[in-house]
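# Geometric and topological summary
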Amino acid sequence: MTETATTGRALPHPEREQIRLESVLHALSDPMRLRIVRELAAKEAELSCSQFDLPVTKSTTTHHFRVLRESGVIRQVYRGTAKMNGLRRDDLEGLFPGLLDSLLAAADRQAGRLGDSS
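This one's a predicted model, so the numbers in the text were calculated from it and none came from an experiment. Every chain begins its residue count from 1, and numbering advances along the sequence as written. Per-residue local features of the predicted model are confined to residues with pLDDT of at least 70, and side-chain atom pairs are confined, for both listing and counting, to 80 or more; whole-chain, interface and lining totals are unaffected and use all residues. The basis for the side-chain values is all heavy atoms of the structure; hydrogens and waters are excluded.

In this section: the UniProt feature "domain: HTH arsR-type" (unreviewed entry) in the chain. In the numbering used here, UniProt assigns the "domain: HTH arsR-type" (unreviewed entry) feature to residues 13–107. Every helix listed is a DSSP run of H or I at least four residues long, and every strand listed is a run of E at least two residues long, numbered separately from the N terminus. With 54% helix and 16% strand, residues 13–107 has its two end C-alpha atoms placed 25 Å apart. UniProt positions are given in the numbering used here, feature names are shortened, and annotations may be inferred rather than shown by experiment.

As structure tokens, this is what we get:
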């Protein structure tokens, strides 16, 4: 695992070669984590944790971001006091071509079918 530090605070991330398919699939199996990833993919930019409006407690939100980071789905870095989140699209596409786009498309179809905008 590597650590990304910008202001003296570092967060552990798996190296690209350490990202495992089963960890990615597990991370994306939770509806809240999938919602986070869908929002990051839609914005195509880094978003701070506070920009996500999730119907869970702050500690649960923190847990979801940690699972996504530790599985290699997102990268988190501190910019000032904000923890910024970015989708590791290039790493995931390089390791598992088409997986992320397929999962995001399936999630969009499911949301449309169920009338869920999240």
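Next comes the rest of the write-up.
Time to look at the pairing of strand 4 (residues 74–79). Two strands pair when backbone bridges link them, and strand 4 and strand 5 (residues 82–87) are joined in this way by six bridges, in the antiparallel orientation. Within the sheet, the bridge partner assigned to Gln-76 lies in strand 5 and is Asn-85. Strands are labelled as partners when DSSP assigns at least two bridges between them. If you look at the hairpin formed by strand 4 and strand 5, you'll find two residues sitting between the two strands, and Gly-80 has a positive phi there, around 65°.

Turning to the packing of helix 1 (residues 21–28) against helix 3 (residues 58–71), a few remarks are in order. Under this scheme, a helix contributes an axis fitted over its contacting stretch, all axes are lines through C-alpha atoms, and angles between N-to-C directions fall in the 0 to 180 degree range. Relative orientation of the contacting elements helix 1 and helix 3 amounts to 160°, with a least axis distance of 9 Å. Overall, the two elements helix 1 and helix 3 adopt an arrangement that is roughly antiparallel. Remark: the crossing between helix 1 and helix 3 carries left-handed chirality. On helix 3, the residues touching Ser-23, Val-24, His-26, Ala-27 and Leu-28 of helix 1 are Val-67, Leu-68 and Ser-71. An angle below 35 degrees is read as roughly parallel, one above 145 as roughly antiparallel, one from 65 to 115 as roughly perpendicular, and any other as oblique. Should the near helix be turned counterclockwise from the far one by less than a right angle, the crossing is left-handed, whereas a clockwise turn marks it as right-handed. Note on contacts: a residue pair qualifies if any of its non-hydrogen atoms lie within 4.5 Å across the two residues.

Along the polypeptide, Ser-71 turns up in helix 3. Taking the relative accessible area as the measure of exposure, Ser-71 reaches 5% and is therefore buried. Filtering out sequence-adjacent residues up to four positions away, Ser-71 remains in contact with Pro-14, Ile-19, Ser-23, Val-24 and Ala-27. Two N or O atoms form a polar contact when they lie within 3.5 Å of each other; inside protein one atom must be a possible hydrogen donor and the other a possible acceptor, and for residues adjacent in sequence the pair counts only when both atoms belong to side chains. Among the polar contacts listed, one links the side chain of Ser-71 to the backbone oxygen of Leu-68, at a separation of 3.0 Å. The cut-offs for exposure are 20% and 50% of the maximum accessible area for each residue type, with area from a 1.4 Å probe on protein chains only; residues under the lower value are buried, those over the upper are exposed, and the others partly exposed.

pLDDT runs from 0 to 100 and stands for how confident the predictor is about each residue. Across the chain, the average pLDDT comes to 89, with 91% of residues at or above 70. Within the model, pLDDT remains below 50 along residues 3–7, and this stretch shows 16 contacts once partners closer than five positions in the same chain are excluded.

Right, let's talk about the packing of helix 2 (residues 31–43) against helix 5 (residues 99–114) for a bit. Here helix 2 crosses helix 5 at 105°, and the two axes come no closer than 11 Å. In terms of orientation, helix 2 lies roughly perpendicular with respect to helix 5. Residues Leu-34, Val-37, Arg-38 and Ala-41 of helix 2 pack against Leu-100, Leu-104, Ala-107, Asp-108 and Ala-111 of helix 5. Along the lines of polarity and charge, the residues of the contact of helix 2 with helix 5 split into seven nonpolar, no polar and two charged. Three categories are distinguished: nonpolar for Ala, Val, Leu, Ile, Met, Phe, Trp, Tyr, Cys and Pro, charged for Asp, Glu, Lys and Arg, and polar for the others, with Gly belonging to the last.

This part takes up the sheet that holds strand 3 (residues 47–48). What the three strands build is an open sheet, ordered 3-5-4; its pairing is antiparallel. Whereas interior strands pair on both sides, the edge strands pair on one side only; in this sheet they are strand 3 and strand 4.

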